[in-house]
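Take a look at the letters that make up each chain.
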Amino acid sequence: MRVIRYGNPILRKEAREVSPPYDGKKEFIKSMLDVMGDYNGIGLAAPQVGVSERIIIGSVERQPYPLINPKILYVDSEKEYDEEGCLSLPGIYLEILRYKHIVLEGFDIDGNPVRIQVSDLDARVFQHEIDHLDGILMIDRISVKDREAIRNTLKKIEDEELNEMKKEIV
Ligand SMILES: [Zn+2]
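Model, not experiment: these values are computed from the prediction.

So, how was this worked out
- Counting starts from 1 at the beginning of each chain's written sequence and moves along it residue by residue.
- In view of the model being predicted, local features appear only for residues whose pLDDT reaches at least 70, and side-chain atom pairs are presented and counted only at 80 or more, with totals across whole chains, interfaces and linings using the full set of residues.
- Each helix is a run of H or I in the DSSP string that is no shorter than four residues. Each strand is a run of E no shorter than two, and both are numbered from the N terminus.
- The burial criterion counts other C-beta atoms lying within 10 Å of a residue's C-beta, which is placed from the backbone; the residue is buried at 20 or more, exposed at 12 or fewer, and partly exposed between these limits.
- The contact criterion used is a C-beta to C-beta distance within 7 Å, with each C-beta placed from the backbone.
- In short, DSSP must find at least two bridges between two strands for them to pair.
- To get an axis, fit a line to the C-alpha atoms, keeping to the stretch in contact for a helix; angles then go from 0 to 180 degrees between the N-to-C directions.
- Between the first and last residue of a helix there are one fewer steps than residues, each counted as 1.5 Å, and that sum is the expected span.
- Linking buried Ala, Val, Leu, Ile, Met, Phe, Trp, Tyr and Cys residues through C-beta atoms within 7 Å yields a set, and such a set is a nonpolar core.

Caption draft 1: The arrangement of the overall build of the chain in detail. Within the chain, the regular secondary structure consists of four helices and seven strands. Overall, the chain shows an N-to-C arrangement of helices and strands of α-β-β-β-β-β-β-β-α-α-α. Here the C-alpha coordinates of the chain stretch approximately 40 × 40 × 25 Å along the principal axes. The burial tally for the chain puts 32% of its 170 residues in the buried class. Pairs at least 24 residues apart make up 69% of the contacts formed inside the chain by residues separated by at least 6 positions.

Caption draft 2: Summary view of the sheet that holds strand β7 (residues 113–119). In space, the five strands of this open sheet follow the order β1-β2-β3-β6-β7, with antiparallel pairing throughout. The strands lining the two open edges of the sheet, one partner per strand, are β1 (44–45) and β7. Across seven bridges, strand β6 (residues 101–107) lies against β7 in antiparallel orientation. Pairing of Val 103 across the sheet is with Gln 117, part of β7. Helix α1 (residues 26–38) rests against β1, β2 (55–60) and β3 (63–75) of the sheet, and its axis sits at about 60° to β2.

Caption draft 3: Expanded view of α1. The end-to-end C-alpha distance of α1, which contains 13 residues, comes to 18 Å, matching closely the 18 Å that a straight helix rising 1.5 Å per residue would cover. On its buried side, α1 packs onto β1, β2 and β3. Once α1 ends, the next one or two residues include Asn 40, with phi positive near 55°.

Caption draft 4: Geometry of the nonpolar core. Formed by 23 residues in total, the largest nonpolar core has its most connected members in Met 32, Leu 44, Ala 46, Ile 56, Ile 57 and Phe 126. Looking at this core, the elements that each hand over two or more residues are α1, β1, β2, β3, β6 and α2 (120–133). Element by element, the count of residues in this core is highest for α2, at five residues. Beyond its immediate stretch of four places on either side in the chain, Leu 44 contacts Met 32, Val 35, Met 36, Ile 56, Ile 57, Leu 87 and Glu 129.

Caption draft 5: Structural view of the environment of Ala 45. Secondary-structure assignment places Ala 45 in strand β1. C-alpha separation for the pair Ala 45 and Glu 164, spaced 119 residues apart in sequence, amounts to 20 Å. Not counting residues within four places of it along the chain, the set of residues in contact with Ala 45 comprises Ile 56, Glu 129, His 132 and Leu 133.

Here it is in structure tokens:
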């Protein structure tokens, strides 16, 4: 399992809902947690490891929190900019506007339905990871002008990813 990067079409697909039994994803989620640790990430979405399913690792009180079929139930109107990175966009850090407080529901690693309320960085991580499930990357949330400024870096990541994909096909 590796983290795929910008340029890989899987990142642009809408991920499919997981069907029950939800606890059947435990081993896969453990692998995701391992990979996330290897890359020193604070969040991860299944499409980033090449699996187009609605599974993410978010963050609750700064600890990794896996969530299956996550849905945002409620957002507070308050928003804030802060710097974000993404394992699929290595070396790129961008100021992204996100909701400060959100309430989510989904299923935990044991397949139990959960409802959680998170704020600040935790809320940011969940919003970022849920975007991945809809094929949205943080570069889609900046201005055209700001995207122009990172064009060369994006091109480099894309070229590296396409090379890596070619190796996997062979
Ligand atoms: Zn990301």
